[in-house]
Every structure is written in C-alpha cells, then in structure tokens.
Amino acid sequence: ALASHVLKTPTMAYWAFSFSSGEAEFTTMATPPSHVPAFMSEVTDTMSFSQRMWNTAIKFFWARPFMLLHTTVTDHVISQYYPQCPKSCDLLSDLNGAMINTDFVLDYPRLQPSTFINVGGMQISETPNPLPKDLQKVLDSSEEHGAILFTMGFIFQPKAVPESRIQAIFDAFAQLPQKVIMKLDALPADSKVKVPSNVYLKPFLPQQDILAHKNLRLFITHCGMHGVMEAIYHGVPMVGMPVFVDQ
C-alpha cells in the first residue's frame with residue numbers, strides 16, 4: 001500500500017491466513033459480525049443471538065481498538081520517512097485487491113470483492129521434489145508401520161521450549177511403532193534430553209515433499225495454513241497443536 005502511494009502503481013496485497021479481522025477492517029472486504037467470526041471469538045459462522053452479540057463485542061471492543069493502536073504505531077514509523085503520506089488505514093482502503101491464503105474448502109463462507117481472490121494452496125506442487133537421501137531412506141524403510149511428521153514451524157525450538165516438555169514428547173514417541181521425523185534445531189551440548197531410536201531430528205525439513213510420501217501416516221502440526229493445505233492435498237491425517245493466535 002505504501003509502495004502504491006509512493007510509486008503511483010496498482011497494488012495487490014497478500015494475506016497469510018483467513019481474511020476475517022485485523023487489517024481487513026480497513027479494506028473493502030465485508031466482515032459483518034453476524035456470520036464472520038472475529039479472531040479469538042471462539043465462534044463459528046453459525047451463531048446464536050448471544051454468540052452474535054459476543055462476536056460483535058470482540059470486534060468493536062478488542063479487535064478494532066487493537067488495530068487502531070497498531071495503525072498508530074505504523075503511522076509513526078511511516079511519518080519518519082514519508083511525512084506527507086496518508087494514514088496506513090487509508091492506504092489499506094486504497095488497495096486494488098488482495099491474494100488471500102485460504103480456501104473455502106476449509107474456511108467460513110463470506111462475501112468478497114471481485115479483486116479479493118483466495119489463493120490458498122498455490123505453493124503446492126503436483127510433482128514433489130526428490131527427498132534428501134537420509135529422509136528418503138527413513139521413509140522408504142517405514143513401509144510396515146509408516147512414519148509420522150512432527151513440525152511446529154519456527155517456534156518450537158530448544159531455546160524456547162523447556163527440556164522437560166521436549167523429553168515428554170520424546171517419551172511419547174518412543175512408545176510408537178512408527179518412525180518420527182521431527183523438525184528441531186540441534187540440542188545444546190550439555191542437554192540431558194534422550195532422543196529415542198525411532199525419532200529423527202532435522203533443523204530443516206522439506207515439509208511438502210515428506211507429506212507426499214506414500215508411507216507417511218500422520219502429520220502433527222501447529223496448524224499453519226501452508227502445512228494444513230498441503231496435508232489436505234496429499235490426504236494425510238493431522239493432529240493439531242495450535243500455539244499462536246491465527247493458528
């Protein structure tokens with residue numbers, strides 16, 4: 001939006017998950033609280049009268065004040081570099097359109113302007129890339145019981161998660177006949193965590209290519225939109241462990 005104002009060019013936005021609250025309030029996208037759930041409202045698109053009142057209260061007394069605070073901070077930063085620039089909420093209202101990382105297969109129905117397009121799953125490749133040799137070997141050798149993929153994005157790391165929690169997860173995995181491929185940075189040298197023999201740790205995983213493997217039986221995920229859509233596309237059952245707001 002800022003680039004559009006400075007360069008005088010049409011601008012398309014990209015939104016990483018469901019476009020139901022937050023910045024959507026300032027665009028031409030309709031988000032009526034009668035059937036569009038606000039973030040953290042814990043309601044669906046089918047609401048009773050009391051739930052609609054609750055959703056409306058969340059929208060006007062939490063979501064909008066938060067966004068006004070957010071835009072105030074954003075405006076302060078922008079004004080340091082472009083003093084004559086309009087307010088950020090006005091920039092958003094002038095967007096020519098938006099690409100939204102969702103799909104109505106798994107999202108709530110709502111009206112959208114013709115230039116607001118759902119592009120959820122556009123990162124999915126019909127033909128998976130070849131896996132690294134070590135991962136290929138692990139998955140190919142898991143034909144009897146299958147394999148499990150555990151990834152929580154970039155937020156589940158040894159520096160952020162207590163070792164007792166990591167060990168508890170490892171102890172649970174040790175009881176399974178499946179091999180578990182887990183995204184986790186290297187443990188500290190002085191770590192007392194014991195990694196089971198059926199758990200394979202990697203700091204980076206080609207998630208989509210692993211999900212495409214025929215021996216994968218389960219995906220344990222933090223419910224990021226990309227991973228959810230990739231698992232749906234490849235028909236892999238999921239166990240969700242949401243951690244943050246949008247998840």
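Preceding block: the structure.
Residues numbered from 1 in each chain as written. Predicted model: local features only at pLDDT ≥ 70, side-chain atom pairs only at ≥ 80, totals over all residues. Heavy atoms only, no water.

A. The side chain of S142, seen in detail. Within the secondary structure, S142 is located in the loop between α4 (133-140) and β4 (147-151). Taking relative accessible area as the criterion, S142 reaches 3% and is therefore assigned buried. Ignoring sequence-local partners within four residues, the contact set of S142 consists of A147, K179 and N215. (Helix = DSSP H or I, 4+ residues; strand = E, 2+ residues; numbered from the N terminus. Buried < 20%, exposed > 50% of the residue type's maximum accessible area, 1.4 Å probe, protein only. Contact = heavy atoms within 4.5 Å.)

B. View of unusual backbone geometry. Residue M40 is not a glycine yet carries a positive backbone phi of 70 degrees. Take M40: its relative accessible area is 53%, and that puts it in the exposed class. In this model, C223 sits at a positive phi of 75 degrees, which is unusual for a non-glycine residue.

C. Representation of the nonpolar core within the structure. Judged by nonpolar contacts, the single largest core of 15 residues is most densely connected at F150, F156, I166, F170, F173 and M182. Secondary-structure elements contributing two or more residues to this core are β4, α5 (163-174) and β5 (179-183). Looking at which element gives the most residues to this core, the answer is α5, with four residues. For F173, the residues in contact, after removing those within four places along its chain, are F150, V180, M182, N198, V199 and I220. Core analysis: the next-biggest nonpolar cluster, separate from the first, contains 14 residues, L135, L211, L216 and V236 among them. (Core = buried A, V, L, I, M, F, W, Y, C linked by side-chain atoms within 4.5 Å.)

D. Focus on the sheet that holds strand β1 (residues 12-15). Reading across from one edge, β1-β2-β3 is the order of the three strands in this open sheet, with parallel pairing throughout. This sheet does not close on itself; its edge strands, each paired only once, are β1 and β3 (116-118). Each adjacent strand pair in this sheet contributes to an overall mean axis angle of 20 degrees, direction not counted. Pairing of strand β2 (residues 97-100) with β3, which is carried by three bridges, proceeds in the parallel orientation. Following the sheet pairing, I100 is matched in β3 by N118. (Pairing = 2+ DSSP bridges. Axes fitted to C-alpha atoms, helices over the stretch in contact; angles between N-to-C directions.)

E. How the structure looks around the pattern of salt bridges. Across all of its chains, the model carries four salt bridges by this definition. Notably, a salt bridge pairs K59 with E25, separated by 2.7 Å at the nearest N-O pair. A residue pair is termed long-range when its members are at least 10 positions apart, and K59 in helix α2 (residues 49-81) and E25 in the loop between β1 and α2 qualify at 34 residues. Of the two residues, K59 and E25, neither departs from the other in class, the shared state being buried. (Salt bridge = Lys/Arg side-chain N within 4 Å of Asp/Glu carboxyl O.)

F. Quick peek at the environment of A147. Mapped onto the elements, A147 comes out in strand β4. On the basis of relative accessibility, which here comes to 0%, the residue A147 falls in the buried class. Sequence separation of A147 and Q178 is 31 residues, and the distance between their C-alpha atoms is 5.1 Å. Apart from residues no more than four positions distant in its own chain, A147 is found in contact with L139, S142, Q178, K179, N215, L216, R217 and L218.

None of this, on its own, says anything about what the molecule does.
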